[in-house]
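# Structural description and commentary
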Amino acid sequence: MTAPAETPTLLSRRRVLLIGGGAVAVVATAATGIILARRDTFRGAEMTPPEALDALRAGKIMLIDIRRPDEWMKTGVAEGAQTLDLRRDDFVEALTRMADGDLNRPIALICARGVRSDRTGTRLTDAGFTQIIDIPEGMLGSRAGPGWLERGLPVTLR
C-alpha cells in the first residue's frame with residue numbers, strides 16, 4: 001500500500017503577496033511561518049528624537065515633519081521642525097525650495113511612527129538628496145523606541 005499524497009498547504013510552499021505597489025511582501029514558508037518584509041526600506045542615517053533635537057538646536061540638520069495637518073494639530077509639531085505634508089503633489093520640489101536648492105543639506109524626517117519617514121527617505125535619496133536622516137521612532141513611538149512625545153521633548157502647537 002502506498003502512502004497517501006500529501007496535500008500542499010499555505011506553509012508547505014513559499015508564497016509571496018505584494019501589497020501597496022510592492023511596498024510590503026508577505027512571505028510564507030514551512031520553515032519560518034509568515035514574515036513581513038519591507039522592499040523599500042531606507043538605508044540611510046537614523047537618529048533618535050533626542051539626537052535630532054540636539055542636532056537641530058546646534059544647526060546641524062533641518063527637521064521636517066511630513067505628517068498631515070490634522071496630525072500636527074492633534075499632537076503639535078516637534079519644536080523647531082518645519083512642516084511639509086507628504087501628500088503634496090510638489091513635495092520633492094517644495095522640500096528642495098525649503099533647503100534652498102541644496103540637495104546635500106542634512107534633512108531629518110519625522111512622521112507619526114517612522115513608516116512614512118522611512119519610505120520618504122528612500123524617495124528623496126532617489127531624487128538626489130544625499131543626507132536624508134530618518135527618525136524611526138516618530139512622534140508617537142514605534143518598535144524603534146518611545147517617540148518624541150513619550151520622551152517629553154518639546155512641541156509647538158499648531
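Position labels on residues start from 1 in each chain and follow its written sequence. With pLDDT at 70 or above as the cut-off, local features in this predicted model cover only qualifying residues; side-chain atom pairs require 80 or more to be listed or tallied, and sums for whole chains, interfaces and linings still use all residues. Excluding hydrogens and water, the side-chain values take into account all heavy atoms of the structure.

The next subject is the nonpolar core. To form a nonpolar core, buried Ala, Val, Leu, Ile, Met, Phe, Trp, Tyr and Cys residues must be joined to one another through side-chain atoms within 4.5 Å. Burial classification: accessible surface area is computed with a 1.4 Å probe over protein chains only, and a residue below 20% of its type maximum counts as buried, one above 50% as exposed, and the rest as partly exposed. Counting 18 residues, the largest nonpolar core has Ile61, Leu63 and Trp148 as the members making the most contacts within it. Sorting elements by how many residues they give to this core places helix α1 (residues 49–57) first, with 4 residues. Whether two residues are in contact is decided by their heavy atoms, any of which lying within 4.5 Å being enough. Not counting residues within four places of it along the chain, the set of residues in contact with tryptophan 148 comprises Pro49, Ala52, Leu53, Leu63, Ala78, Glu79, Ile110, Gly138, Met139, Leu153, Pro154 and Val155. Secondary structure elements are defined from DSSP: runs of H or I of at least 4 residues count as helices, runs of E of at least 2 residues count as strands, and each element is numbered from the N terminus.

All right, on to the pairing of strand β5 (residues 62–65) then. Where burial is concerned, the two faces of β5 agree: the one with Met62 and Ile64 and the one with Leu63 and Asp65 are both buried. When DSSP locates at least two bridges between a pair of strands, those strands are taken to pair. Looking at chain direction, β5 and strand β8 (residues 107–110) are connected through 4 bridges and run parallel. Bridge pairing links leucine 63 to alanine 108 in β8. In this structure, β5 lies alongside strand β7 (residues 82–83), joined through 2 bridges in parallel fashion. Its bridge partner being in β7, isoleucine 64 is matched across the sheet by glutamine 82.

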